[in-house]
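# Examining the three-dimensional arrangement
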Amino acid sequence: MTPIIPFDDRDGYIWMDGKMLPWRDAKLHVLTHGLHYGSSVFEGERVYGGNTFKLREHSARLIKSGEWLDFKIPYTVEEIDKFTRDVIAANNIGDGYVRPVAWRGSEQMAVSAPAAKIHLAIACWQWPKYFFPKGGDNSGLALKTSEWRRPPANSMPVQAKCCGNYTIGTLAKHAADKAGYDDAFLLDYKGRVAESTGSNLFVVKGKKIKTPIPECFLNGITRQTIIALARELGYEVEECVIMPEEMKTFDEVFVTGTAAEVAPVSKIDDIEYKIGPVTAHIKEAYAELVRRKPKATAAA
Ligand code: PMP
């Protein structure tokens, strides 16, 4: 088994509140608003060959997530992009993962805390892949329908990548894991197909692709990229309501996310799917896209 290296005890650097700190020194106090009241937002980004794919979109979503939680991250999108590039360079990351996180600090401890300062940290590490399917590397993911449901948009800030939204994800994924599955299949509060715990879902019938409307779950950056990419590749893509009863009528299912990339699904509860040609085509096209040199440096 691969040894688990604790995240607070590693070599390297973490950018935090304007300073590049030795990894082990990036600490905060236990009486921090973000920890007690869930006032924290974050991003998950992937680095391919030293370049962060969709960096600007992720930095912009981080700022927007803060606004959803009624706080202003005290940096511009350009500054956050730069700090991200700096921390990637400081850690000499070629292929890896970036985790920016912003939170309300410890200046005030109450539900309402307008005087609490907003902090920002950015960490990164080598991280080759997200899923290790229980059926082996060449099998798809096995998903189990969760008892937890995605809440309506007036009950949670569902488009914020905020830590509170992950309570459901952790509970759902723990239950799936205990039952021997790779991840959970989440419905929304109306019983419609929603997504997985950390990735969006697509279904395929013949050459037609469908994906649920992100009304009460994160409209992933990868989801948006895949919709555009699939259309460029000539597929018809429809964003629509999908009910769980329809799941047995599809030929292929796959999930998408920054960490998950494009991951085929081979099973949802008792329904089995093949890893088909459409998923394989899109997976390959996405793998090529993320490694394309960003335009600004392409001529260099
Ligand atoms: N849904 C959830 C709950 C997630 O955590 C993620 C990962 N951020 C996604 C979907 C996919 O989003 P993205 O493609 O922006 O990574």
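On a predicted model such as this, the values are computed, not experimentally measured, just so you know.

What counts as what
Residues numbered from 1 in each chain as written. Predicted model: local features only at pLDDT ≥ 70, side-chain atom pairs only at ≥ 80, totals over all residues. Heavy atoms only, no water. Helix = DSSP H or I, 4+ residues; strand = E, 2+ residues; numbered from the N terminus. Expected span 1.5 Å × (residues − 1). Buried < 20%, exposed > 50% of the residue type's maximum accessible area, 1.4 Å probe, protein only. Arc of directions from axis to C-beta. Contact = heavy atoms within 4.5 Å. Axes fitted to C-alpha atoms, helices over the stretch in contact; angles between N-to-C directions. Parallel < 35°, antiparallel > 145°, perpendicular 65-115°, else oblique. Left-handed = near helix turned anticlockwise from the far one by under 90°. Near = heavy atom within 4 Å. Polar contact = N/O pair within 3.5 Å; in protein donor to acceptor, adjacent residues only side chain to side chain. Areas by Shrake-Rupley, 256 points an atom, 1.4 Å probe, with all protein chains shown as cover. Nonpolar A, V, L, I, M, F, W, Y, C, P; charged D, E, K, R; others polar. Pairing = 2+ DSSP bridges. Right-handed = clockwise from strand over helix to strand, strands pointing away. Domains from an automatic or database assignment. Buried area = accessible area lost by both parts, 1.4 Å probe. Salt bridge = Lys/Arg side-chain N within 4 Å of Asp/Glu carboxyl O. Core = buried A, V, L, I, M, F, W, Y, C linked by side-chain atoms within 4.5 Å. 1 Å grid on protein atoms, 1.4 Å probe; cavity = no way out; pocket = protein on both sides within 12 Å on 5 of 7 lines; lining within 4 Å. Points joined across faces, edges and corners; volume = space filled by probe spheres on them.

### So, helix H3 (residues 77-90)
Look at H3: 20 Å from first C-alpha to last across 14 residues, which is about the 20 Å you get at 1.5 Å a residue. Residues of H3 that are buried include every one of Val77, Ile80, Asp81, Phe83, Thr84, Val87 and Ile88, and no others. Viewed end-on, H3 has its buried residues packed into an arc of 165 degrees, placing them on one side of the element. In the stretch just after H3, Asn92 is the one whose phi turns positive, near 55 degrees.

### Notes on the environment of Val278
Here Val278 shows up in helix H6 (residues 277-290). Distance from Val278 to Pro244, taken between C-alpha atoms, is 21 Å for residues 34 residues apart in sequence. Among residues more than four places away in sequence, those in contact with Val278 are Val204, Gly206, Ile209, Tyr235 and Glu252.

### Details of the packing of helix H5 (residues 221-232) against H6
For the pair H5 and H6, interaxial distance at closest approach is 11 Å and the crossing angle is 110 degrees. Judged by the inter-axis angle, H5 sits roughly perpendicular to H6. The element H5 and its partner H6 pack so that their crossing is right-handed. Between H5 and H6, the residues in contact are Thr222, Thr225, Ile226, Leu229 and Ala230 and Ile282, Ala285, Tyr286 and Leu289, respectively.

### What about the site of the ligand?
The full set close to the ligand counts 15 residues, and Tyr166, Glu195, Ile221, Thr222 and Thr258 are the nearest of them. Arg61 is positioned such that a nitrogen or oxygen atom in its side chain is 2.8 Å from an oxygen atom of the ligand. Within the side chain of Thr222, an N or O atom sits 2.5 Å from an oxygen atom of the ligand. Calculation on the ligand without its partners gives an accessible area of 380 Å², and the protein chains cover 94% of this total. When the residues that make up the shell around the ligand are grouped by side-chain class, the tally is three nonpolar, eight polar and four charged.

### Considerations on helix H2 (residues 55-68)
An α-helix turns once every 3.6 residues. As a result, residues three or four positions apart point the same way. Its 14 residues give H2 an end-to-end C-alpha distance of 20 Å, which sits within 8% of 20 Å, the value for a rise of 1.5 Å per residue. A positive backbone phi angle near 65 degrees is found at Asp70, which sits one or two residues after H2.

### Quick look at the pairing of strand E8 (residues 141-150)
Where E8 lies against strand E15 (residues 261-268), three bridges are found, and the strand directions are parallel. By the bridge assignment for E15, Leu141 is matched with Val265. Where E8 meets strand E9 (residues 183-188), five bridges bridge the pair, whose relative direction is parallel. Among the inter-strand pairings, Lys144 is bridged to a residue of E9, identified as Ala184. In the classification by handedness, the crossover that spans E8, the intervening helix H4 (residues 166-178) and the parallel E9 is right-handed.

### A look at the domain arrangement of the protein
By the assigned domains, the protein splits into domain 1 (13-125) and domain 2 (141-290). Between the C-alpha centres of domain 1 and domain 2 the distance comes to 26 Å. Domain 1 puts 18 residues into the contact, and the matching count from domain 2 is 18 residues. Of all residues in domain 1, Phe42, Phe53 and Arg61 bury the most surface against domain 2, accounting for 36% of the area lost on that side. Across the contact surface, domain 1 and domain 2 share one salt bridge. Here Arg46 ties to Glu261 by a salt bridge, and the two come within 3.8 Å at their closest N and O atoms.

### Regarding the nonpolar core
Side chains that are nonpolar tend, in soluble globular proteins, to be buried together. The biggest cluster of nonpolar side chains holds 23 residues, and the ones touching the most others in it are Val41, Ile73, Ile80, Leu120 and Ile122. Of all the secondary structure elements, the ones that give two or more residues to this core are H2, H3, strand E6 (96-104) and strand E7 (118-126). A total of five residues in this core trace back to one element, the largest contributor, which is H3.

### A few points about the layout of surface pockets
In this model, the second largest pocket occupies a volume close to 910 Å³. Lining of the second largest pocket is provided by 33 residues; of these, Thr52, Phe53, Lys54, Leu55 and Glu57 occupy positions nearest its centre. For the lining of the second largest pocket, the secondary-structure elements that each account for two or more residues are strand E5 (51-52), H2, H3, H5, H6 and helix H7 (295-298). With seven residues, H2 is the single largest residue contributor to the lining of the second largest pocket. In terms of residue class, the lining of the second largest pocket is made up of 13 nonpolar, nine polar and 11 charged. When residues are assigned to domains, the lining of the second largest pocket turns out to be shared by domain 1 (13-125) and domain 2 (141-290), each giving three or more.

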